[in-house]
Amino acid sequence: MKSTRIAMIVAAAVLLGVGASSAAGSTQAGKQVKISVASLIPGSTPAAIKQFNAQVAEFEKKYPTIKVKPVEYQWTAPTFAAKLAAGTLPTVFEVPFTDARTLGDHGQLANLTPYVKKLPYYKKYNKAVLAEGTDAKGQIIALPKGAYAQALHYNRALFKQAGLNPNKPPTTWAEVRTDARIISKKTGRPGYVEMAKDDNTAGWILTTLVYSLGGRMEKGIGTHATATLNNKYTIQALNMLKAMRWTDNSMGSNFDYGWSDINQAFAAGNVGMYISGSDVYTNLVQAYKVNPSRYGVTTIPLAKNKNAGVLGGGTLAAVRPNVKTDQLAAAMKWIDFFYEQPLVSKKQAIRNAKTLVANKQPVGVPALPLFNQQQYNLANKWIKPYINVPINQMKPFLNGIFKQDLIPEPEASTQSVYHALDAVVESVLTNKDTNIVQMLKEANAQAQAAIRQGA
Amino acid sequence: MATVDQPREPAVTSDRGLPRRFTVPRRTPLTWVRGGGLAAFLFLLPLLFVFGAFSWYPIVRTAIMSFQHTNLVQAPTWVGFQNFSAVWHDPQFPVAVKNTAYFALLALVFGYPIPLIAAVLMSEVRKRRGVYSAIAYLPVVIPPVVAVLLWKTFYDASSLGVFNTVLHRVGLGPYPWLQSQQWAMPSLVLESTWANAGATMIIYLAALTGVNPELYEAASADGAGLLRKVWHITLPQIRGVLLVTLILQIIGTAQVFLEPYLFTSGGPANATLTVMLLIYNYAFGNSLGGDYGKATALSLMLAGFLAVFSLVYLRATRSWSTR
């Protein structure tokens, strides 16, 4: 009987202990507001992390009552969906242009409108860009971090090795194909590679090709949009890939590159040319220490077609919907400090550029204007003395991009449209006998179903 | 230990010669507490909580969600069997079922006999059996993600890949491995067999120790060779274990996720899209919030199929396994 009593006491003590410790854990520390913010992508260099931490320290010095916890963050469709569902996103996180509006409509982002309208530079925003972060009710639910246009990145060293002029990158798709063939033949490295993974990136790049030829993936808006994946330009783009893969054999042997993998392969010097956002140089430096002398970037070749344009997109900063009012206010201060001030405040722009330079991080990476053209030119002027990216090697892009028509990503069910295209691209690159027309028909039906469901 | 609840009086007859009823002490909350019931319950409580929260609650929630449309943020709406119908009519569903069956078949044909053969051969070894067992078991110890990364370098489709380099020396290849719709699934099965065979082999080795050696001696005296001994003695003697490992393998392969997810993400062109990967894609493939209704509906369909299959299998093999 005695042993039973002792057992009961021990069990009760264990339970009470658990309760007590959880109660202690929920105690709040004074008036300080704690927020977590998306920092750098996993695998960033120590120098990049040091630079980010320096900015956090500066912010905390400016706002002593706010405590910032940096959280490594990389937007990928599956991880974002999982974190969103689990409620484990940081207080401030980033989403692509394609997702913000729908997330806002679903009540999955906090309403920032009252805070944004108080910002002194509110009226200077590029209206088209701000619209990407505005939901159907007119609430601002995200603020722009950066905008990009798709670009053709190339390895200048491989161009030279292949006997090509790195200052004269290809300007037509026919030239891309020829140069890729030459690079592949002369250097043994793939002349042109594409993201072709089943994570929506294959569809993203194929859409870029189709836009450059004059095609579109959708007509109309919202759940009433019509999928047009199987248009003649998509067939043309896929036939071009097929020829490069199976006739020229200029695309190497790896056909499951995702966004990070392809950057890594390029930084390692194993890729002649590839398509990605114009701002990808930052990642090439921060994660893979690319050799700047090898890097070159030019515009996406556009076909002689009045509808041909370059796919543009971008990233927005948003806040979790379930945060407390003081956390929301603190989060807005961070967005203002970290994302926006370097573009609108001379003092902050210069300070930011200096910190980046001191930590050997890129300053002057090609990006598109978030504010009006006047503000964009002004901000570029402020940081001009600190530009440390190989700007001359970026001239083919910088000289051409503002002459190109910028086409936004498919508006309805963007990720589903891309996902439907993934399998088609994969098939063309891994099966010589792919029935392109049939596969596109199936992909179109899949995308159309997703659009109708608003998925 | 305290003894309670036992009849304390022997059965005796009453004054009138009729059997008197046993006197059973009445169970009250107090006797339950004194008997250690409360202590047992308190000790059990954390386990019940953990089991309930992390096993049963998700199962019940899954069943409920399969009849709902929800993004886990807004209030869910009841949609009846709509999710099941949507899964059934999804063109990717038959592809995933076919691929899963193909994986299971390949794993059965190649993956099932290998641990058995290895165990039989190892049981014949007289020296350094421990070393061989450790080597065979080593892949099980390697974390799966690390193993996949390792095998990705083996499967490099260029002529510099490990397998292609080796095969080139004997005049074969280069083969595209994971980059081909035909080769991708067999490549996954090969790695999966390597990774899992060790664990099954250990089970067989343990089972083989239970076989009476006199049977082998008698068979040898009758002039039986190794193959005849394996066929007529080993396999019948360990048939119970064989049946259990077979059903476990079928259940395991029907739920294959790790290899296609890490190696190919279901590609190329859905060639390695399995049922589990399709469930994952429903739930997390779209960054705007997954279709959790369809994901849970397909999960229930898979669970239901495996439950029925297991029942039929156990009934069909009952007589054989207990003979």
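The rules behind each value
- Residues numbered from 1 in each chain as written.
- Chains lettered and ligands numbered in written order.
- Predicted model: local features only at pLDDT ≥ 70, side-chain atom pairs only at ≥ 80, totals over all residues.
- Helix = DSSP H or I, 4+ residues; strand = E, 2+ residues; numbered from the N terminus.
- Rg over C-alpha atoms; globule rule 2.2 N^0.38 Å.
- Contact = placed C-beta atoms within 7 Å.
- Buried ≥ 20, exposed ≤ 12 C-beta atoms within 10 Å, placed from the backbone.
- Axes fitted to C-alpha atoms, helices over the stretch in contact; angles between N-to-C directions.
- Parallel < 35°, antiparallel > 145°, perpendicular 65-115°, else oblique.
- Left-handed = near helix turned anticlockwise from the far one by under 90°.
- Domains from an automatic or database assignment.
- Pairing = 2+ DSSP bridges.
- Nonpolar A, V, L, I, M, F, W, Y, C, P; charged D, E, K, R; others polar.
- Core = buried A, V, L, I, M, F, W, Y, C linked by C-beta atoms within 7 Å.
- Expected span 1.5 Å × (residues − 1).

**Quick word on the overall build of chain A**
Now for step 1: When its secondary structure is counted, chain A shows 18 helices and 11 strands.
Now for step 2: For 455 residues, the compact-globule estimate of 2.2 N^0.38 gives 23 Å, and the C-alpha radius of gyration of chain A, at 24 Å, lies within 12% of that figure.
Now for step 3: Projecting the C-alpha coordinates of chain A onto the three principal axes gives extents of approximately 85 × 60 × 45 Å.
Now for step 4: Look at the contacts in chain A between residues 6 or more apart in sequence, and 79% of them connect residues 24 or more apart.

**Re the environment of Lys360(A)**
Residue and element names in this part refer to chain A.
Now for step 1: In this structure, Lys360 sits in the loop between α14 (346-358) and α15 (373-383).
Now for step 2: Using a count of 15 C-beta atoms within 10 Å as the deciding quantity, one classes Lys360 as partly exposed.
Now for step 3: Along the backbone, Lys360 and Gln286 are 74 residues apart, and their C-alpha atoms lie at a distance of 9.3 Å.

**A word on the packing of helix α17 (residues 414-430) of chain A against helix α18 (residues 436-453) of chain A**
Residues and elements named next belong to chain A.
Now for step 1: Relative orientation of the contacting elements α17 and α18 amounts to 165 degrees, with a least axis distance of 8 Å. Considering the angle they form, α17 stands roughly antiparallel to α18. When you trace α17 past α18, the crossing you get is right-handed. Across the interface between the two elements, Ser416, Val417, Ala420, Leu421, Ala423, Val424, Ser427 and Val428 of α17 pack against Ile436, Met439, Leu440, Ala443, Gln446, Ala447 and Ala450 of α18.

**As for the domain arrangement of chain A**
All names here are of chain A.
Now for step 1: Here the domain parsing of chain A yields domain 1 (33-147 + 313-386) and domain 2 (148-312 + 393-453).
Now for step 2: Computed from C-alpha coordinates alone, the two centres of domain 1 and domain 2 are separated by 27 Å.
Now for step 3: Listed by partner, the interface residues are 20 residues for domain 1 and 22 residues for domain 2.
Now for step 4: Broken down by secondary-structure element, the contributors of at least two residues to the side of domain 1 that touches domain 2 are α4 (97-105), β4 (143-155) and β10 (310-319).

**Looking at the domain arrangement of chain B**
Now for step 1: Along its sequence, chain B is organised into domain 1 (24-55) and domain 2 (82-322).
Now for step 2: Averaged C-alpha coordinates put domain 1 of chain B and domain 2 of chain B at centres separated by 42 Å.

**So, the pairing of strand β9 (residues 295-299) of chain A**
Along a regular strand, successive side chains alternate from one face of the sheet to the other.
Residue and element names in this part refer to chain A.
Now for step 1: Where burial is concerned, most of β9 is hidden: 5 out of the 5 residues are buried.
Now for step 2: Pairing geometry for β4 and β9, over 5 bridges, is antiparallel. Counted as the bridge partner of Ala151 is Thr299 from β9.

**Here's the deal with unusual backbone geometry**
The phi angle of most residues is negative, glycine excepted, and most peptide bonds adopt the trans form.
All names here are of chain B.
Now for step 1: A cis geometry characterises the amide bond from Gly267 onward to Pro268, with omega recorded as -10 degrees.
Now for step 2: Topologically, Pro268 is positioned in the loop between α13 (258-264) and α14 (275-284).
Now for step 3: At Ala269, a position not held by glycine, the phi torsion is positive, near 50 degrees.
Now for step 4: Within the element layout of this structure, Ala269 appears in the loop between α13 and α14.
Now for step 5: Given 24 C-beta atoms within 10 Å, Ala269 falls into the buried group.

**Remarks on the interface of chain A and chain B**
Now for step 1: With 38 residues of chain A at the contact, the number on the chain B side is 32 residues.
Now for step 2: Among the elements of the structure, α1 (2-25), α3 (77-86), α4, α17 and α18 of chain A are those that each provide at least two residues to the side of chain A that touches chain B.

**Regarding the packing of helix α5 (residues 113-124) of chain B against helix α9 (residues 184-208) of chain B**
Residue and element names in this part refer to chain B.
Now for step 1: Viewed as axis vectors pointing N to C, α5 and α9 meet at an angle of 50 degrees, and their least axial separation amounts to 8 Å. Put simply, α5 runs oblique to α9. Along this stretch, α5 crosses α9, giving a crossing that reads as right-handed. Residues Ile114, Pro115, Leu116, Ala118, Ala119, Met122 and Ser123 of α5 form the contact with α9, whose participating residues are Thr193, Ala197, Thr200, Met201, Tyr204, Leu205 and Leu208.
Now for step 2: Class assignment for the residues of the contact of α5 with α9 results in 11 nonpolar, 3 polar and no charged.

**A look at the nonpolar core**
Now for step 1: Counting 166 residues, the largest nonpolar core has Val92(A), Ala318(A), Trp334(A) and Leu421(A) as its most contacted members.
Now for step 2: Each residue touching Leu421(A), except ones within four places of it in the same chain, is listed here: Ala202(A), Gly203(A), Leu206(A), Leu229(A) and Ala443(A).
Now for step 3: Leu116(B), Ala119(B), Ala197(B) and Tyr204(B) belong to the second largest nonpolar core, which has 7 residues in total.

**Quick word on the environment of Pro115(B)**
Residue and element names in this part refer to chain B.
Now for step 1: Tracing the backbone shows Pro115 in helix α5.
Now for step 2: Here the alpha-carbon distance between Pro115 and Thr200, two residues 85 residues apart in the chain, equals 6.1 Å.
Now for step 3: Once residues within four sequence positions are removed from consideration, Pro115 is found in contact with Ala197, Thr200, Met201 and Tyr204.

**Some words on the pairing of strand β8 (residues 273-277) of chain A**
Residues and elements named next belong to chain A.
Now for step 1: β8 sits mainly inside the fold: 5 of its 5 residues count as buried.
Now for step 2: Relative to β8, β4 runs antiparallel, the two being bridged by 5 bridges. From the neighbouring strand, Leu152 faces β8, where its bridge partner is Ile275.
Now for step 3: Across 2 bridges, the pairing between strand β5 (residues 192-193) and β8 is parallel. Considered in β8, the bridge of Tyr192 is made with Met273.

**Thoughts on helix α10 (residues 232-247) of chain A**
All names here are of chain A.
Now for step 1: A rise of 1.5 Å per residue sets the reference length of α10, with its 16 residues, at 22 Å; its end C-alpha atoms lie 21 Å apart and thus fit the reference within 8%.
Now for step 2: Buried residues along α10 sit against α8 (173-187), β5, α9 (201-213), α17 and α18.
Now for step 3: Positive phi appears at Asn249, one or two residues downstream of α10, with a value of about 55 degrees.

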